[in-house]
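# Coordinate analysis (summary)
Spelled out, the chains give:
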Amino acid sequence: MATIEWKSGVVSAGGTALHVIRGGHGSPVVILHRDIGTLNRLPFYDLLAQRHEVLIPHHPGYGESPRPDWAANVRDIAVIYRALLAELELPEAPIVGLGFGGWIAAEMATFTPAATTPLVLVGAMGLKPPSGEIMDQALVSYIEYVRAGFHDPKGFDGNYGNSPSTAQLVQWDLCREMSFRVAWKPYMYNDSLPHLLRGVRTRTLVAWGDDDRIVPRSVADLYAARLPNATSATIAAAGHLVEMDQPEQLARLISSFIAAT
Amino acid sequence: MHLMYFTEQPMKDYPAEAGLEIGFTSLLMSNKHFNPAVASRLYNEFLENYVYAEEMGVDGIMLNEHHNAPFCMQAKANVFASLLAGMTKRVKIVLLGNPLPLSDNPVRLAEELAMIDMISKGRLVSGFVRGGGQEQLATNANPAYNRERFQEAHDLIVKTWTVPGPFRWEGKHYHQRVVNPWALPLQQPHPRIWIPGVISHETIVWAAKQGYPYIALNTSIEDTKKIWARYDAAAAEVGYTPGPENRGYLIRCHVAETEEKALESARQFLWMDGEFTGRLKPVWASPSGYFSPSSRESFVQFVAGTSASPSRPRKTFEQQVADLQIVAGTPGQVVASLRKIMRETRPGIMAFWGNDGRMSQPDARTSIRLLGQEVMPALRETAKELDLKSPFEADMPVSRAWAEAHRSEAAE
């Protein structure tokens, strides 16, 4: 596997500064990270960057992107990202949304219902589960929440270490605060989204870990039912954090889905 | 000197073993363990004790509220305040206080408080708090907007009390088409506002700049002095020098006929493992966004459950007695200890957290009687010697904003 040279910089999207990590060669793919932020390097990113130019923006108010104090909901973030893609001259880039990032990606898709570029939702939040509940991170510690995202308990230590650093805890706290600002009530979903999805023609892959304990499977089924051009895929031996539990499987699935377009 | 009686209103008959088994006694401890028949008896005992405290000579009854936990049965301070408005004749009814961010309609709060003030014939002191971390979760108030909601709700309530309606309010968190309640406070321009807290830098500075007395909640003498230093510095910035009338102090204080009996009962102050708010998961006490960004780095290990609280180190009963954070004894012993606190920290307001935990009703009443009849008269003498005046005695303006407006009116 070729070594990827990753670079990062700040891009202004309609006045909102966003920290963007870029690497790899090929057709562009934008990855929208989770509510717990993202590590700067992941085997999953490296794998995808073998075939694509991968762009990983830090959400406004998460990681190294400063917080826009006015942002009040997830749709605001989706609009900021539409402005970012316009600024980068990549308005048609395929988007891969992981968990909370999947919710942002789904909101973005509703703004451009005619878009033909592919969309990938992985364990996406954003819809009220027809059965079950989205796990409430407010009731558990940062560490308990992230641990609950793994299928393989060893995955936590492998990615974050047995005892995460104070810097990592500060990051999780910042991310959590911003998630509360935009998704506190109702928690992690938008009641109008299932209705708006019906008009989205975008070809969508709805991917889910078979052991997701954060977002119930019923949400995947609802996305697949409401999006007219959706395909579903289940990843075996994966929790909510599919990209860390099964990086190779997920990267392969995404690349072939994009290539089939 | 203003001297008050306080109790957390403990649900003392909850099954402690159930809490020990699950490891917490708040927020998620099931209310299947709540016994309304027992609670009905306890509520009525608390009411009897408040009325008794007035008979025994206290100046004020301090009330508060918490949610989802046996350590405090008051889920709405205004309910007891309303009852006491009708049942008592002389004492100040001191709410410390209404948790503003938990309210989605501060105008409604302003109305309730105005009614309490009128029914009590002007005896209300209307303190405001941000509410503890777990209260945000218990009532689904967004912790990330806690401070913004506190300040905006405060501004709206004060405006409702002082500016004739109707007016419209379009804030960030509160929106009111018509503010025009036909219920206004009897006290003019409005009831006094006192702000209780521990050591939150922002709240101390805010209270000082508003000119509101700050009530330090059972802090050590050393921490209390740090609070006054912060308060005084902030007051100096806006151009005034605070006195004892700006300073309040809550102390756990149990009095009995013998020292042995007092110390035995006072151990109940640590009934929930020494935690004021019961045992809880640290993340409930500090939901993200609730604390100041400046303390994020020092708090995250605690919130993650990997270190002790940086702001509230655990102490044994003996240590707390030695540090005068718990005062227990005969009236003479208690007076000696409290005089030391008064000399060191010079408060104009003192609240006595008289009973807690599983203390018996007779012991609670003995403590109230000895506090009111023996301890408080001695402390009033000391207050005279030390010139410790309450906000009432000092005729302190209700706020800096009011004092400024009044001054410019007078100048015109």
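Residues numbered from 1 in each chain as written. Chains lettered and ligands numbered in written order. Predicted model: local features only at pLDDT ≥ 70, side-chain atom pairs only at ≥ 80, totals over all residues.

### With respect to the packing of helix H8 (residues 221-237) of chain B against helix H13 (residues 331-345) of chain B
All names here are of chain B. For the pair H8 and H13, interaxial distance at closest approach is 10 Å and the crossing angle is 30 degrees. Accordingly, the angle class assigned to the pair H8 and H13 is roughly parallel. The interaxial crossing formed by H8 with H13 has right-handed handedness. Between H8, through Ile221, Thr224, Lys225 and Trp228, and H13, the contact on the second element is made entirely by Ile341, Glu344 and Thr345. Of the residues in the contact of H8 with H13, the class split is three nonpolar, two polar and two charged. (Axes fitted to C-alpha atoms, helices over the stretch in contact; angles between N-to-C directions. Helix = DSSP H or I, 4+ residues; strand = E, 2+ residues; numbered from the N terminus. Parallel < 35°, antiparallel > 145°, perpendicular 65-115°, else oblique. Left-handed = near helix turned anticlockwise from the far one by under 90°. Contact = placed C-beta atoms within 7 Å. Nonpolar A, V, L, I, M, F, W, Y, C, P; charged D, E, K, R; others polar.)

### Examining the pairing of strand E8 (residues 230-235) of chain A
Residues and elements named next belong to chain A. Here six bridges tie strand E7 (residues 204-209) to E8, and the two strands are oriented parallel to one another. Within E8, the residue paired with Ala207 across the bridge is Ala233. The parallel pair E7 and E8 is bridged by helix H8 (residues 217-226), and the resulting crossover is right-handed. (Pairing = 2+ DSSP bridges. Right-handed = clockwise from strand over helix to strand, strands pointing away.)

### Observations regarding the sheet that holds strand E4 (residues 52-57) of chain A
Residue and element names in this part refer to chain A. With mixed pairing, eight strands are arranged side by side in an open sheet as E1-E2-E4-E3-E5-E6-E7-E8. In the strand order of this sheet, the two ends are held by strand E1 (7-13) and E8, each with one partner. With direction set aside, neighbouring strand axes in the sheet form an average angle of 25 degrees. Of the strand pairs in this sheet, E1 and strand E2 (residues 16-23) are connected by seven bridges, and their pairing is antiparallel.

### So, the packing of H13 of chain B against helix H14 (residues 361-386) of chain B
Residue and element names in this part refer to chain B. Viewed as axis vectors pointing N to C, H13 and H14 meet at an angle of 35 degrees, and their least axial separation amounts to 10 Å. Here the hand of the crossing between H13 and H14 comes out right-handed. For the pair H13 and H14, contact is made by Pro331, Val334, Val335, Leu338, Arg339, Met342 and Arg343 and by Leu370, Glu374, Val375, Ala378, Leu379, Thr382 and Leu386, respectively. Its residues placed into classes, the contact of H13 with H14 shows 10 nonpolar, one polar and three charged.

### Considerations on H8 of chain B
Residue and element names in this part refer to chain B. Its 17 residues place the ends of H8 25 Å apart at the C-alpha level, agreeing with the 24 Å of an ideal helix rising 1.5 Å per residue. All buried positions along H8 are accounted for by Thr224, Ile227, Trp228, Tyr231 and Ala235. In a view along the axis of H8, the buried residues occupy a sector of 95 degrees, so they form one face of it. The outward face of H8, more than 90 degrees from its buried face, is lined by the exposed residues Glu222, Ala229, Ala233, Ala236 and Glu237. If you follow the buried residues of H8, they end up packed against helix H7 (201-210), strand E8 (214-217), strand E9 (247-255) and H13. Positioned one or two residues after H8, Gly239 has a phi angle of 95 degrees, which is positive. (Expected span 1.5 Å × (residues − 1). Buried ≥ 20, exposed ≤ 12 C-beta atoms within 10 Å, placed from the backbone. Arc of directions from axis to C-beta.)

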